[in-house]
Structure formats: C-alpha cells, structure tokens
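Per-entry structural report
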Amino acid sequence: MLNLNKLFKEIKIDIKKTKTIVELDQIKIKYLGKKGILTEYIKNLKNFSCIDKKKYSIIINQKKQEIIKNIKQHSQYLTEMILETRIKKEKIDVSLPGRRCNNGCLHPITQTMNYIKNFFFTLGFQSINGLEIEDEYHNFDALNIPKNHPARNSHDTFWFDSNRLLRTHTSNMQIRIMKSEKPPIRCIFPGKVYRHDYDITHTPMFHQIEGLIVDKNITFSNLKWIIYNFLYYFFGKKVSIQFRPSYFPFTTPSAEVDIINQDTLQTLEILGCGMVHPNVLTNVNIDPNIYSACAFGIGVERMTMLRYEIYDIRSFFDNDLRFLNQFKYN
Ligand code: PHE
C-alpha cells in the first residue's frame, strides 16, 4: 500500500512536470501503456489472495481513473499555454500593407499578333502555326529562290546542317499549306522567324504574319484592298502608304508597303507582298492557268513599334519589367 501511494504521488508529479504534449504522451505510455508500470501492477494482482485482489483492484482502478483525469487536465492546460505563448510571440501588425499578387500580361508582340489575327478572322481567314525548323526545300527551293541567292548565305540564315535551318520567313508555310490543301485557300501563318542580324531595327528572332489567298481570279486589286483595310483597322485611322515595286523570287509582281510619315516624309517598310509566282504554284501542283494567288508577309515588331512609337526593337526582348508593364491592359 505504501509503495502504491508513493507511485501515485510520483505519477502526479511527473505529469505536472511535462511541458509539451509529446512529453505528456510519453508519461502516459510509461505508466498506463501496455507495458506501463501501473499496468504491471494490475497484472500482478492475479498472485494475490481473493480478498486482497478485490481490495487492491478497487484502489488501483480508482487511482487509474484519477490519473487519466489528471493527464487530460494537464493536456488541456498545455494546449492553452502553447497557444498563449504563440499569440504573445507572433504579433500581427494590421497596419502593414497587404501582400499583392503581381499580375502579368501578354507580351506586346503577342498582343499585336492577336490584334492582327482578329482582323483576318473577320474576313474568314484561318490561322495556322508552322514549324520553326525547316528544310532547304520549303524555305528556299520551292519558293523559287535560286541556289545563289544572297539570303541563303550563312550570314543571313542559321543552318543546322547542309539541309536543315531555322526558317528565315513564314513563306515556307505557303508551300506546306498549298501542298496539303486544295484551293480555295485563305490562310494566315503567324510565327517566329530567324535571321543573322542585330541592331536597333533587327533582332535575330522576330515575328511575321504571312497571308495567302489562292483561288480563281485573284488579282493584285484583291491584295491591295486587304492591305488598305488592314492598315486602316490596325492604326484606327487613314495612314498614308505607298506600294513600292520590289522583288521577291516567289512573287511577281512584287511590292513592299511603306508607311509615310507626313511631317518628315520619311518612309518605313512594314510588309512585303505580291502575286504568287507561277513557278511556285507549279511546284505545289496547282495549275497557274486556272488559279492565281496573292501573298503578304507582315513584320509584327515593326508594326508594334509604329503603333506605340518604340524606337529600339531590342526593347521587346530585354525583358525589362519597366518596359513590359506599360502594356498591361487596365
Ligand atoms: N517573305 C518575305 C520576307 O520575309 C515577305 C513576303 C511574303 C513577300 C509574302 C511577298 C509575299 O521578307
């Protein structure tokens, strides 16, 4: 009995001493667990006489309940204490400014591409993305670009090997689509193109949107109508432009379109266009005596620069947030 009383006292002290829930759990296991000290006592009762067994089991069980209650109370006390010290330690300054989530926006070039695409969608054009790695046939040969053309020179074209290259224009898609689809065709091909060039008006990678119409009776006036209307849509007002006769091996006649600054009379080239060359149509098995086609290639960076009065094309690709943040829509 003496031993028992001593044990109960010890247990109570042990419980009080614990400072964390983990410690308290350990104490619980130490005394009340399967192999706990008190459990051993209860197991030992079987060696007692019948009367003693009854007497002690009542005492031990009573005490056991008491201990369980003790543990519960202490656990509650600990939980409250822990919370209280946490609250004391973690002060919240409600006057601090909130943490803002900074929203990004589409890149200005993407915005311009989407804007241009929308114009052509309303005219019933279909938009098709092409591959950026191309072969010599689709980028040059099929487009009637002679073997000795300066553009094939390694100064302008990024070659992977003697056949594969990074496409230098989106005109490769003219070939791919005319080979896979039958006329009538009315498509635009937006995408990245690559040339070995770097200054305030050139970057080695830039964007073009190519347009292609193949049908019976397509003429230069169809091409002009589309370009006039496109530019009116794009700038939101009439701008003065000129069709300047030019040369592309894959179109004839060919022209480049310049925007004329009315104050300085300076011109800036924004796109190349023309009637698709009969040789090109023949290359893709379209009979040039039945069908005719017109095509144009718009420089997306140039258009964006004009629209927002940006002077250095390289600002598009510096990833300077001070520049990019200006294109957030409100
Ligand atoms: N591919 C030409 C270029 O990159 C542009 C162009 C497209 C010209 C279609 C005529 C017709 O400059």
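Residues numbered from 1 in each chain as written. Predicted model: local features only at pLDDT ≥ 70, side-chain atom pairs only at ≥ 80, totals over all residues. Heavy atoms only, no water.

So, on to the overall build of the protein chain. Helix and strand counts for the protein chain come out as 11 helices and 9 strands. For the protein chain, the C-alpha radius of gyration of 41 Å lies well beyond 20 Å, the compact-globule estimate for 330 residues. On the principal axes, the C-alpha backbone points of the protein chain span a range of 120 × 50 × 40 Å. Expressed as a percentage of the 330 residues in the protein chain, the buried residues total 39%. Across the protein chain, 46 positive and 33 negative side-chain charges occur, with their mean positions spaced 18 Å apart. (Helix = DSSP H or I, 4+ residues; strand = E, 2+ residues; numbered from the N terminus. Rg over C-alpha atoms; globule rule 2.2 N^0.38 Å. Buried < 20%, exposed > 50% of the residue type's maximum accessible area, 1.4 Å probe, protein only. Lys, Arg positive; Asp, Glu negative; His and termini not counted. Charge placed at Lys NZ, Arg CZ, Asp CG, Glu CD.)

Turning our eyes to something else, we now look at the sheet that holds strand β9 (residues 292-299). Taken together, the 7 strands give an open sheet; going across it, the order is β1-β4-β5-β9-β8-β7-β6, and neighbouring strands pair in mixed fashion. In this open sheet, the two edge strands, each paired with only one partner strand, are β1 (126-127) and β6 (241-248). Judged from the 2 bridges that link them, β1 and strand β4 (residues 185-194) form a sheet pairing that is parallel. Paired with serine 127 across the bridge in β4 is isoleucine 188. Here helix α5 (residues 108-122) sits on the sheet in contact with β1, β4, β5 (205-215) and β9, set at roughly 170 degrees to β4. Strand contacts of helix α8 (residues 220-235): β5, β6, β7 (251-260), β8 (267-276) and β9, with the helix running at about 145 degrees to β8, the strand carrying the most contacts. (Pairing = 2+ DSSP bridges. Contact = heavy atoms within 4.5 Å. Axes fitted to C-alpha atoms, helices over the stretch in contact; angles between N-to-C directions.)

Among the 14 residues in the neighbourhood of the ligand, the closest are listed as His169, Ser171, Arg195, Gln208 and Glu210. Measuring from a nitrogen atom of the ligand, one finds a side-chain N or O atom of histidine 169 at 3.1 Å. Serine 171 places a side-chain nitrogen or oxygen 2.9 Å from a nitrogen atom of the ligand. Within the complex, the protein chains bury 90% of what would otherwise be the 330 Å² of accessible surface of the ligand. Within the residue set of the shell around the ligand, elements represented by two or more residues are β5, β8 and β9. Examining the composition of the shell around the ligand, we find that 3 residues originate from one element, β9, more than from any other. In terms of residue class, the shell around the ligand is made up of 5 nonpolar, 7 polar and 2 charged. (Near = heavy atom within 4 Å. Polar contact = N/O pair within 3.5 Å; in protein donor to acceptor, adjacent residues only side chain to side chain. Areas by Shrake-Rupley, 256 points an atom, 1.4 Å probe, with all protein chains shown as cover. Nonpolar A, V, L, I, M, F, W, Y, C, P; charged D, E, K, R; others polar.)

One widely used convention gives an interface's size as the accessible area the parts lose upon coming together. Annotation of the protein chain at the domain level lists domain 1 (2-89) and domain 2 (108-327). One C-alpha centre belongs to domain 1, the other to domain 2, and the line joining them spans 85 Å. (Domains from an automatic or database assignment.)

Side chains of Ile37, Tyr41 and Ile42 sit close together on the surface and give an oily, nonpolar patch of about 200 Å² of accessible area. Along the chain, tyrosine 41 turns up in helix α3 (residues 37-44). (Patch = residues over 30% accessible without salt bridge, like charges linked within 9 Å, V, L, I, M, F, W, Y side chains within 5 Å. Salt bridge = Lys/Arg side-chain N within 4 Å of Asp/Glu carboxyl O.)

Moving on to the pattern of salt bridges. For the structure on display, the rule yields 12 salt bridges. The residue aspartate 258 makes a salt bridge to arginine 244 at a minimum N-O spacing of 2.7 Å. Here aspartate 258, found in strand β7, pairs with arginine 244, found in strand β6; they are 14 residues apart in sequence, far enough to count as distant. Take aspartate 258: its relative accessible area is 1%, and that puts it in the buried class. For arginine 244, a relative accessible area of 30% gives the class partly exposed.

Here we take up the nonpolar core. Counting residues in hydrophobic clusters, the biggest one holds 37 residues, and the most contacted among them are Phe120, Ile227, Phe230, Val257, Cys273 and Phe296. Per element, the largest residue contribution to this core is 6 residues, and it comes from α8. Residues in contact with valine 257, not counting those within four places in the same chain, are Ile227, Leu231, Ile241, Gln242, Phe243, Leu268, Glu269, Ile270, Leu271 and Cys273. In terms of nonpolar packing, the next biggest core, distinct from the first, is built from 23 residues, Phe140, Leu165, Ile175 and Phe189 among them. (Core = buried A, V, L, I, M, F, W, Y, C linked by side-chain atoms within 4.5 Å.)

On to the pairing of β8. Judged by how many residues are buried, β8 sits mostly within the fold: 7 of 10 residues are covered. Count of turn residues in the β7/β8 antiparallel hairpin: 6 residues, of which leucine 265 carries a positive phi of about 60 degrees. Pairing geometry for β8 and β9, over 5 bridges, is antiparallel. Bridging across to β9, cysteine 273 finds its partner in phenylalanine 296.

Attention now moves to helix α2 (residues 21-32). Taking 1.5 Å per residue as the helical rise, α2 with its 12 residues ought to reach 16 Å, and the 16 Å between its terminal C-alpha atoms agrees with that figure. Looking at α2, one finds that the buried residues are Leu24, Ile27, Tyr31 and Leu32. Mapping the buried residues of α2 onto a view down its axis gives an arc of 95 degrees, with all of them on the same face. Across α2 from its buried face, at more than 90 degrees, point the exposed residues Val22, Gln26 and Ile29. (Expected span 1.5 Å × (residues − 1). Arc of directions from axis to C-beta.)

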